[in-house]
Every structure is written in structure tokens, then in C-alpha cells.
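Below, each chain spelled out in residue letters.
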Amino acid sequence: MTCDFEPPLPRSQISDIEETGIMKVFLHGVGRHDIIPFWAGEGDVPTPDFICQAVSQSLQAGETMYSHSRGIPEVRDALAAYMNRTFDLSLPEQRVSLTTSGMAAIVVAVQMAVGAGDEMLVLGPVWPNIYSTIEVAGGTVRHATLELGADGWQLDLDKLLAQVTAKTTAIFINSPGNPTGWVMTAEAQRRLLAFARQRGIWIIADEVYHNLVFDRKVAPSFLQIADPEDRLLVVNSFSKSWLMTGWRLGWLTHPASLADTVTKLIQVLTSCAPVFLQRGAIAALNHGDHVIADLRDRSRRGRDLVFDRLEAWPRVRGARPKGAFYAFFEVDGMTDSLATCHDIIDKCQVGLAPGMAFGPNGEGYLRLCFASQPETLQRGMDALELYLGGGTNQL
Ligand SMILES: Cc1ncc(COP(=O)(O)O)c(C=O)c1O
């Protein structure tokens, strides 16, 4: 007997959402053990043992129940203390909320700032998940773009501000930037904040790479110039700084007056983060500065190793980034970055992310994460050189 079922469809805003280009490439190569994975935002070093130990102890002690939606008091205190010593601030714990990933912090922030009919201005090229998050919330994305000049990626702030319309309720800025490594100056932050105040617009600042900068200790944060009750939501993550990508922990810094709202939004998202993971987070925050320092050193060496090779390849153009851990480079003659990434997986066994994933001006580029150890990077670059290193078009 055959049945003529219409396949069930979600509402149109959801069915219209496209898989990101990063996932498309990942799905092409997933399950193959011969791939050198430079496609995702992580290296090849696992979470340090002292962080894992804190989790084991918590599990042994039976900390397996529900907990506070914004995190147990100890993790909120540790978060506030970390933020205060890193940025020279004096935030109370009411301003920080633990979330189950930086991604979840973005979802909570967008839900607070954008609804049906609203527009959100997003500065790209940027990590693509923000685009779908806005669409799921019923909002519309407006695109602003950085430009690649002789001195690296640059922001024309006047052009960005000219993109704001009467419907714009929020501006999304990711600095240090994924994939470009662009770092926003404190001066540009000041101008943008003054504009946002005047227009009553939210700033959602994604600062998950704040301590991955190569020419100073920490990138300028909007929190250093903002008032406590500004419409400012700052997204952070445990993933990058402490090598905890699989843990799914992050945090949001927000006005204290929004703590109850954030509680409600986390309630309907995940209820809370597991307490045993929160113990690992506390260990990372309180005792993990050396992990950050090692990651920064490894990333700086990784950047130089990768760019020393890329700069010798005639068809490749890119700027050494000032922050984060990605090479985002243009390939002369490449018109389909997704097809190229598939081909590179098949022919070189290296996983890269396609530029088309990162917004309207990303096509023509490829992204490579250089957070891995030098041997892994060296092997990957040797394999890539056969494909991208020549003077002629091998695509
Ligand atoms: C710019 C940016 N924001 C947020 C995230 C989310 O981090 P996570 O969800 O792993 O905490 C990432 C991850 O790659 C990122 O690159």
C-alpha cells in the first residue's frame, strides 16, 4: 500500500534558512579520517586536564541536578572577576549570565533586540550563524561590509552608519573578527556607541576572540566605554580561549536591569548549563590564563607559518590578521568557493571553509583556521600547495 503524504514543512522563515557554507563543506568530508580539518574554528589541542578534573570531581560529588538559569553564583562571580581584571572594569555579577555556548548568547541577545519586521545591520564578512539567527527571530538582515585595503581589513564607519534605516533595531559587530581578523579601534567603538545611543539602537558586540590579538594583550571592548545601562549586549565564549569548543559554554554581558529577562530567555532555551560543566568553567576562568597565553603564542606562530607559505603563492592575496585565528585569502580566478572547498577535500584531504559562507562579499575567498600545532599546519600547507601554490589556474 502506498500513501501520498505531503512531507511536513516548518513555517517558511525556517524552511527558507540555508545550511551554512561551512556546514556544507563539513558534511562533504565528515566521517573521513584522512582529512586535515582547518574548516572549523578550533585547533587540534584538547581541553587542559585541570579543567576536565573539575568536571570529574563535580560528577563524583553528584552535582547532576538543574541549577540557576544564569549560572551558579560561583560561576557568575568568576565571570565578573575575569571580565573585571581583563578589561579593568567593575561589573557586578548581575551583569553576566552563563549560557550554553557563545551561539546561545547570540540567540538570547538577538531575541531581546530584534523581532518581526525589524532590521539588524550586520558587519561582514562574518561568521554566518548570526544571519539565520536574525531570520529565525523574524527580523531582516542588512549588510554592511569591511573592505580589504593595502593595510588589511578596514571599516568605513560613515558607510556603515549610512546603512541604518528607521527599521534598524540593532547592529552586530564581531571584533576581533571571524573570518577577517579585523580589530575595531576604541575610537570607532566610541563613535558607533554615540550614534547607537542617539538612535536608541542596540549594539550586539561579539567579542569571543577578545584575548586572541597579536599586538596587545586584549582587544578593545565596548564594555570599556559604555555606561552600565547602555543598550549593549556583549557575547563571549569558553570555546576559543580555553580550548573548550565541544563544551558549549559561553556568556552574555548585559545591563543589570535585564538579568530577569535573560533568565526567562535561558529558561525557554536550555533551562540552565549543567553544573558539572560550570565547575570546569570556573577552573578555566580562575586558573586558565596560561592556556590563553599558549593559544595566543601558538596562533601567532600558526599565522606566520601559514602566511609565509600563502604569500609565496602567486594566485593568493590576503592580509596577516591582527586577531582571531583565521587566514581569509582571495584566490585569483576562483568563482565558486564552495565547489573549490569540495574539490580540495577530495584532492588534498584538507578541510577549508568557503568564502561564500561569510556574507555577500565573501565569494572569491577561502578561510583556513591556523589554531593547530605547527606539524599539522605544515602537513596541511604541503597538501594545499599542490592545489593552490602554482601560477596557473588548477581549479
Ligand atoms: C565570531 C563567533 N562568534 C560566536 C561563535 C560561537 O562560539 P561557541 O558557540 O562555540 O561558543 C563563534 C564560533 O566559531 C565565532 O566565530
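Because the structure is a prediction, the values reported are computed rather than measured. (Residues numbered from 1 in each chain as written. Predicted model: local features only at pLDDT ≥ 70, side-chain atom pairs only at ≥ 80, totals over all residues. Heavy atoms only, no water.)

### Considering the site of the ligand
Okay, step 1: Around the ligand, the structure places 14 residues, and the nearest of them are Gly 102, Asp 206, Tyr 209, Ser 237 and Ser 239.
Okay, step 2: Between Gly 102 and the ligand, the recorded distance is 2.6 Å, taken from a backbone N or O atom to an oxygen atom.
Okay, step 3: The side chain of Tyr 209 places a nitrogen or oxygen atom 2.7 Å from an oxygen atom of the ligand.
Okay, step 4: Here the ligand has 390 Å² of accessible area as a free molecule, and 95% of this is covered by the chains.
Okay, step 5: Among the residues making up the shell around the ligand, the classes are represented as 5 nonpolar, 6 polar and 3 charged. (Near = heavy atom within 4 Å. Polar contact = N/O pair within 3.5 Å; in protein donor to acceptor, adjacent residues only side chain to side chain. Areas by Shrake-Rupley, 256 points an atom, 1.4 Å probe, with all protein chains shown as cover. Nonpolar A, V, L, I, M, F, W, Y, C, P; charged D, E, K, R; others polar.)

### Re the sheet that holds strand E14 (residues 353-354)
Okay, step 1: Reading across from one edge, E11-E12-E15-E14 is the order of the 4 strands in this open sheet, with antiparallel pairing throughout. At either margin of the open sheet sits one strand with a lone partner, and together these are strand E11 (316-317) and E14.
Okay, step 2: Two strands pair when backbone bridges link them, and strand E12 (residues 326-331) and strand E15 (residues 365-369) are joined in this way by 5 bridges, in the antiparallel orientation. Across the sheet, the residue bridging to Phe 329 is Leu 366, located in E15. (Pairing = 2+ DSSP bridges. Helix = DSSP H or I, 4+ residues; strand = E, 2+ residues; numbered from the N terminus.)

### Some thoughts on the domain arrangement of the protein
Okay, step 1: As far as domains go, the protein holds domain 1 (12-47 + 290-388) and domain 2 (49-287).
Okay, step 2: If you average the C-alpha positions of domain 1 and of domain 2, the two centres end up 24 Å apart.
Okay, step 3: Listed as interface residues are 36 residues of domain 1 and, on the opposing side, 43 residues of domain 2.
Okay, step 4: Of the roughly 3400 Å² buried between domain 1 and domain 2, counting both surfaces, carbon and sulfur atoms make up 64%.
Okay, step 5: Joining domain 1 to domain 2, the criterion identifies 0 salt bridges. (Domains from an automatic or database assignment. Contact = heavy atoms within 4.5 Å. Buried area = accessible area lost by both parts, 1.4 Å probe. Salt bridge = Lys/Arg side-chain N within 4 Å of Asp/Glu carboxyl O.)

### A closer look at the environment of Leu 258
Okay, step 1: Structurally, Leu 258 can be placed in the loop between strand E10 (250-253) and helix H9 (259-267).
Okay, step 2: By relative accessible area, Leu 258 is classed as buried at 16%.
Okay, step 3: Separated by 146 residues in sequence, Leu 258 and Met 112 have C-alpha atoms that sit 9.4 Å apart.
Okay, step 4: Contacts of Leu 258, omitting those with residues within four sequence positions, involve Met 112, Trp 202 and Leu 233. (Buried < 20%, exposed > 50% of the residue type's maximum accessible area, 1.4 Å probe, protein only.)

### Quick look at the side chain of Ser 58
Okay, step 1: Along the chain, Ser 58 falls in helix H3 (residues 49-60).
Okay, step 2: Among residues more than four places away in sequence, those in contact with Ser 58 are Glu 63, Val 275, Phe 276 and Arg 279.

### Quick word on the packing of aromatic side chains
Okay, step 1: The tally for this structure, following the rule as stated, stands at 13 aromatic pairs.
Okay, step 2: Ring centres 6.3 Å apart and planes at 40 degrees place the aromatic pair Trp 242 and Trp 251 in the tilted group.
Okay, step 3: You can call Trp 242 buried: its relative accessible area is 0%.
Okay, step 4: Measuring from ring centre to ring centre gives 4.7 Å for Phe 328 and Tyr 365, while their planes differ by 10 degrees; the resulting arrangement is stacked. In this pair, Phe 328 sits in strand E12 while Tyr 365 sits in strand E15, placing the two residues 37 residues apart along the sequence.
Okay, step 5: Classification of Phe 328 as buried rests on a relative accessible area of 3%.
Okay, step 6: By relative accessible area, Tyr 365 is classed as buried at 7%.
Okay, step 7: Each member of the aromatic cluster is reached from another via a ring pair, and the members are Tyr 82, Phe 238, Trp 242 and Trp 251. (Phe/Tyr/Trp six-rings, centres within 6.5 Å; stacked < 30°, edge-to-face > 60°.)

### Things to note about the environment of Asp 304
Okay, step 1: One can find Asp 304 in helix H11 (residues 289-310).
Okay, step 2: Here Asp 304 falls in the partly exposed class, since its relative accessible area comes to 24%.
Okay, step 3: Residues Asp 304 and Phe 370, 66 residues apart in the sequence, show an inter-C-alpha distance of 9.3 Å.
Okay, step 4: A distance of 3.3 Å separates polar atoms of two side chains, one belonging to Asp 304 and the other to Arg 303.

### With respect to the pattern of salt bridges
Okay, step 1: For the coordinates displayed, the defined rule picks out 24 salt bridges.
Okay, step 2: Note that Asp 227 is salt-bridged to Arg 197, the shortest N-O span being 3.5 Å. Placement of Asp 227 in the loop between strand E8 (202-206) and strand E9 (232-237) and of Arg 197 in helix H8 (residues 186-199) is noted, with a sequence separation of 30 residues between them.
Okay, step 3: The partner of Arg 309 in a salt bridge is Asp 382, with the nearest N and O atoms 2.9 Å apart. Pair noted here: Arg 309 is in helix H11 and Asp 382 is in helix H13 (residues 374-388), with a separation of 73 residues, a long-range link.
Okay, step 4: Linked through salt bridges whose partners overlap, the residues forming this network are Arg 303, Asp 304, Asp 308, Glu 311 and Arg 320.

### What to know about the environment of Leu 338
Okay, step 1: One can find Leu 338 in helix H12 (residues 337-348).
Okay, step 2: By relative accessible area, which is 16% here, Leu 338 ends up buried.
Okay, step 3: In this structure the C-alpha to C-alpha distance between Leu 338 and Trp 247, which are 91 residues apart in sequence, comes to 28 Å.
Okay, step 4: Dropping the residues within four chain positions of it, Leu 338 is found in contact with Gly 21, Lys 24, Val 25, Pro 354 and Met 356.

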